[in-house]
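The chain contents come next:
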Amino acid sequence: MHTYAEIPDTMRTKAFLPFNRHLWKVYQELGLEYYENTLDRISDVLMFDVISSRLDVTIKTAGAVFNGEIEQPDKVLSYLLFPPVLPIRGDLSQGGLKLVYGDSCDITFVICDDINQEVLLLLNGHCEDGIPVDWWLIGQDDETMERRHQKYGYKLKEMPGRFKKFFDTGEKLTDILKDIRNERTPQWAKSSYIVCMVWGSALLNLLEECSNFEQFGTIWDAANPKKYGLPDKYFGYIPWTATLNMLMVGGRNKWTMGLTGITTGHHAYFMPLEEAGRDWIKENIPEFWEKGFLDARAEGMPYPWQSLGVTIPNFKKKSTYENEAFDYKYPSGDWITPEALGLTPEETCQGVYLDVKPQTPKNEKVNKSHILSMGIGIDTEFMS
């Protein structure tokens with residue numbers, strides 16, 4: 001079993017690794033070298049391919065809903081364009097995205113390597129009138145990463161390691177990234193623009209998470225590190241939109257309830273993982289598949305009321321790290337498991353939309369009859 005003390009102090013996100021409920025378990029089993037190799041390989045192949053696929057699903061599904069080609073859009077989910085690891089329901093997509101991001105908006109996600117502090121991936125998405133219409137990806141081997149900042153002289157890829165504060169990097173990157181946006185899509189040069197800074201470990205943990213309620217809660221935690229005694233920022237927007245900022249300042253539960261309401265009508269959703277992605281992980285990093293995905297799926301996900309009642313480890317205490325007291329404390333009770341739904345852990349990777357909300361009585365046990373639909377995008381299968 002690998003320990004917190006093994007992680008070198010030179011690793012900038014060391015204090016945050018136990019913050020990742022799923023990724024921490026992988027680290028304990030497999031160690032930092034395995035994590036480093038996994039992050040490098042995933043950023044080269046899996047992140048690029050999976051994210052590309054998800055963005056295509058998002059745009060195709062939004063178009064089908066807009067054109068009235070989907071019979072039950074209230075049971076069809078796709079991914080948020082911002083970012084494509086979170087779900088949104090077909091009938092809520094346009095209104096939700098417009099409420100959060102306005103009439104015309106670009107966001108560039110800057111995904112950074114925890115180990116060498118370089119940019120791994122740039123992902124840009126554009127929404128017009130609440131409809132996802134365009135995206136582009138730039139990998140770490142693209143010549144764009146060699147582009148230098150006019151004022152500071154640093155290469156784009158090395159910027160995260162050049163500034164002590166993570167969000168300082170994002171602010172400095174805004175000019176150069178906006179120029180890239182304007183060159184690629186000059187028709188949207190006057191659209192609002194946001195940079196999202198995210199460490200690779202945070203993204204990996206989000207990909208492992210199977211609960212939409214847990215995903216949104218985790219994002220609030222990552223954007224409010226001072227509340228937990230953690231250094232710097234771990235994930236977040238520069239700047240936050242007015243809607244997101246209003247939810248953010250309201251606290252973790254208001255944020256989670258607000259965004260799960262906007263995206264799924266407060267319904268719980270077993271998050272999908274595409275078959276191509278599953279196959280690649282099984283073949284290339286099978287240990288990560290077992291420890292990072294199957295174990296998490298088998299454990300299941302908390303009921304929404306449990307996610308809203310969780311107690312986060314007290315990272316302000318030195319003893320938390322000394323004793324490795326990193327367990328998240330959830331209200332007692334069963335969780336929503338694949339077994340209860342009549343599914344295998346891997347079958348939940350299709351995506352399972354449930355008739356379960358925070359208001360669902362605490363004594364009501366979920367079973368197969370609670371499944372509203374399975375799948376993601378236009379290939380969704382309706383169960384009721």
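Scroll up for the structure.
Description of the structure in this document. Throughout, residues of each chain are indexed from 1 in the direction in which the sequence is written. Whole-chain, interface and lining totals are the exception, using all residues; otherwise, since this is a predicted model, local features are given only for residues with pLDDT of at least 70 and side-chain atom pairs are given and counted only at 80 or more. Note: side-chain values were computed over all heavy atoms of the structure, leaving out hydrogens and water.

With respect to the packing of helix α6 (residues 242-249) against helix α7 (residues 252-264)
Next, step 1: Closest axis-to-axis distance for the α6/α7 pair is 6 Å, and the angle between their directions is 140 degrees. The angle between α6 and α7 falls in the class oblique. Between α6 and α7, the residues in contact are L244, M246, L247 and M248 and K254, W255, G258 and L259, respectively.
Next, step 2: Here the residues of the contact of α6 with α7 are counted per class, giving six nonpolar, one polar and one charged. Every axis in this analysis is a line fitted to C-alpha atoms, fitted for helices over the stretch in contact. Angles between the N-to-C directions lie between 0 and 180 degrees. Only DSSP runs of H or I with at least four residues qualify as helices, and only runs of E with at least two residues qualify as strands; both kinds are numbered from the N terminus onward. Comment on the angle field: the value is read as roughly parallel under 35 degrees, roughly antiparallel over 145, roughly perpendicular from 65 to 115, and oblique elsewhere. By definition, residues are in contact when any of their heavy atoms lie within 4.5 Å. Classification convention: Asp, Glu, Lys, Arg as charged; Ala, Val, Leu, Ile, Met, Phe, Trp, Tyr, Cys, Pro as nonpolar; all other residues, Gly among them, as polar.

Considerations on the pairing of strand β3 (residues 104-112)
Next, step 1: With nine of nine residues buried, β3 is to be regarded as a mostly interior element.
Next, step 2: Side chains S104, D106, T108, V110 and C112 of β3 all project onto a buried face; the interleaved residues C105, I107, F109 and I111 project onto the opposite face, where all are buried too.
Next, step 3: In terms of strand pairing, β3 meets strand β4 (residues 119-128) through nine bridges, oriented antiparallel. Paired with I107 across the bridge in β4 is G125.
Next, step 4: The turn linking β3 back onto β4 is made up of six residues, and Q117 within it adopts a positive phi angle of 60 degrees.
Next, step 5: For two strands to be treated as a pair, DSSP must find no fewer than two bridges joining them. Pairing of β3 with strand β6 (residues 192-199), which is carried by eight bridges, proceeds in the parallel orientation. Within β6, the position partnered with F109 by the bridge is C196. Three labels apply to residues, based on accessible area from a 1.4 Å probe with only protein chains included: buried if under 20% of the type maximum, exposed if over 50%, partly exposed otherwise in between.

Things to note about the pattern of salt bridges
Where charged atoms from two side chains of opposite charge come close, those side chains can pair.
Next, step 1: We count a salt bridge whenever a side-chain nitrogen from Lys or Arg sits within 4 Å of a carboxyl oxygen from Asp or Glu. A full pass over the atoms with the stated rule returns 19 salt bridges.
Next, step 2: E209 serves as the salt-bridge partner of R21, at 3.5 Å between the closest nitrogen and oxygen. Taken together, the residues span a long stretch of sequence, with R21 in helix α1 (residues 21-66) and E209 in the loop between α4 (200-208) and α5 (212-223) at a distance of 188 residues.
Next, step 3: Residue E299 is joined to K25 by a salt bridge in which the shortest nitrogen-to-oxygen separation is 3.7 Å. One end of the pair, E299, is in helix α9 (residues 286-299); the other, K25, is in helix α1, with 274 residues separating them in the sequence.

Quick notes on the environment of L259
Next, step 1: Among the structural elements, L259 can be located in helix α7.
Next, step 2: The spacing of L259 and N212 is 47 residues in sequence and 9.8 Å in space, taken between C-alpha atoms.
Next, step 3: Leave out the neighbours within four places in its chain, and L259 touches F216, L244 and L247.

A closer look at the packing of aromatic side chains
Next, step 1: Ring pairs shown here join Phe, Tyr and Trp side chains whose ring centres sit within 6.5 Å, with only the six-membered ring taken for Trp; geometry is labelled stacked below 30 degrees between planes, edge-to-face above 60, and tilted in between. The final tally for this structure, using the stated rule, is 25 aromatic pairs.
Next, step 2: Each ring, one from F19 and one from Y234, has its centre 6.1 Å from the other, and the planes form 85 degrees; the classification is edge-to-face. Taken as a pair, F19 in the segment before α1 and Y234 in the loop between α5 and β7 (235-238) lie far apart in primary sequence, 215 residues in all. For the pair F19 and Y234, one class covers both residues: buried.
Next, step 3: Their ring planes at 75 degrees and their centres at 6.2 Å tell us that F109 and Y237 sit as a pair that is edge-to-face. One end of the pair, F109, is in strand β3; the other, Y237, is in strand β7, and 128 residues separate them in sequence.
Next, step 4: An aromatic cluster of at least three residues, connected via ring pairs, comprises Y4, F16, F19, W24, Y27, W220, Y228, Y234, F315, Y321 and F326.
Next, step 5: We count a charge as sitting over a ring when the NZ of a lysine or the CZ of an arginine lies within 6 Å of the ring centre and within 35 degrees of the ring normal. One residue, K233, lies across the ring of F167, its end atom 5.7 Å from the ring centre.

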